[in-house]
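Listed below, chain by chain, are the residues.
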Amino acid sequence: MTALMNDPAFITIGLLFAVIRIYLEVIQFDFARLPVTQRLMPQEQAQRFHKMGFYMSLGYFITFAPGMLLS
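The residue numbers shown here count from 1 along each chain, following its written sequence. The predicted nature of this model means local features are confined to residues of pLDDT at least 70 and side-chain atom pairs, given and counted, to a pLDDT of 80 or more, with totals for whole chains, interfaces and linings taken over all residues. As a convention, hydrogens and water are excluded, and side-chain values are obtained from all of the structure's heavy atoms.

1. Describing helix α4 (residues 43-70)
The α-helix winds at 3.6 residues per turn, so residues separated by three or four positions along the chain end up facing the same way. Between its first and last C-alpha, α4 extends 41 Å over 28 residues, near the 40 Å set by a 1.5 Å rise per residue. To get the bend at a given residue, fit one axis to the seven residues ending there, fit another to the seven starting there, and take the angle between those axes. Each helix is a run of H or I in the DSSP string that is no shorter than four residues. Each strand is a run of E no shorter than two, and both are numbered from the N terminus. Taken as a whole, α4 carries its principal kink of about 35° at F64; the proline P66 stands between one and four residues after it. Along its buried surface, α4 packs onto α2 (8-26) and α3 (35-40). A helix is expected to span 1.5 Å for every residue after the first. In this description, contact between two residues means that some pair of their heavy atoms is separated by no more than 4.5 Å.

Quick look at the structure:
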């Protein structure tokens with residue numbers, strides 16, 4: 001697992017997904033309206049779940065983007 005976290009390709013793909021997730025939050029995409037989310041959990045729980053995903057994406061971006069940009 002640690003070898004995977006040091007792989008530049010893995011970090012780049014993770015950053016790409018994090019940027020897309022952050023962008024969708026900025027344009028106010030409603031993740032709670034996705035069909036899978038509607039079937040699995042109530043509206044307020046879905047909003048909390050997707051907000052946590054946003055925070056994780058933001059943390060990943062803050063952690064790995066500076067290293068990627070400076071290397």
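2. Concerning unusual backbone geometry
The phi angle at Q28 is positive, at roughly 60°, despite the residue not being glycine. Tracing the sequence through the fold places Q28 in the loop between α2 and α3.

3. Quick word on the environment of Q43
With respect to the secondary-structure elements, Q43 resides in helix α4. Note on classification: 1.4 Å probe, protein chains only; a residue is buried when its accessible area is under 20% of the maximum for its type, exposed when over 50%, partly exposed between these limits. Given the relative accessible area of 42%, Q43 is considered partly exposed. The spatial distance from the C-alpha of Q43 to the C-alpha of Y23 is 22 Å, given a sequence separation of 20 residues.

4. Some details on the packing of α2 against α4
Packed helices, taken two at a time, are described by the angle their axes make and the gap between the axes. The contact between α2 and α4 brings their axes to 8 Å, and the two run at 135°. Judged by the angle between their axes, α2 and α4 are oblique. Here α2 and α4 pass one another in a crossing that is left-handed. Contact residues: α2 offers P8, F10, I11, T12, G14, L15, A18, V19, R21, I22 and E25, while α4 offers H50, K51, G53, F54, S57, L58, Y60, F61, F64, A65 and M68. Residues are grouped as follows: Ala, Val, Leu, Ile, Met, Phe, Trp, Tyr, Cys and Pro are nonpolar; Asp, Glu, Lys and Arg are charged; every other residue, Gly included, is polar. For the contact of α2 with α4, the per-class residue count stands at 14 nonpolar, five polar and three charged. All axes are obtained by fitting lines to C-alpha atoms, using only the stretch in contact for helices, and the reported angles, taken between N-to-C directions, cover 0 to 180 degrees. The labels follow the angle: roughly parallel below 35 degrees, roughly antiparallel above 145, roughly perpendicular from 65 to 115, and oblique for the rest. Take the far helix as your reference; a near helix turned counterclockwise from it by less than a right angle gives a left-handed crossing, and one turned clockwise gives a right-handed crossing.

5. As for the environment of T63
Tracing the backbone through its elements, the reader meets T63 in helix α4. Measuring from C-alpha to C-alpha, the distance between T63 and M41 comes to 30 Å, with 22 residues separating the pair along the chain. Polar contacts, as counted here, are pairs of nitrogen or oxygen atoms within 3.5 Å of one another; within protein the pair requires one atom able to donate a hydrogen and one able to accept it, and residues that are adjacent in sequence qualify only if both atoms are side-chain atoms. Engagement of the side chain of T63 in a polar contact is seen with the backbone oxygen of G59, the distance being 2.7 Å.

6. Focus on the pattern of salt bridges
When charged atoms on two side chains of opposite charge get close, those side chains can pair. For this analysis, a salt bridge means a side-chain nitrogen from Lys or Arg found within 4 Å of a carboxyl oxygen belonging to Asp or Glu. Following the criterion strictly, the structure yields two salt bridges and no others. Between R21 and E25 there is a salt bridge, and its shortest N-O distance comes to 3.1 Å. Of this pair, R21 and E25 are both found in helix α2, four residues apart, which corresponds to roughly one turn of the helix. R21 gets classed as buried once you look at its relative accessible area, which sits at 11%. E25 serves as the salt-bridge partner of K51, at 3.1 Å between the closest nitrogen and oxygen. Linking K51 in helix α4 with E25 in helix α2, this pair joins segments that are 26 residues apart in sequence. Taking relative accessible area as the criterion, K51 reaches 34% and is therefore assigned partly exposed.

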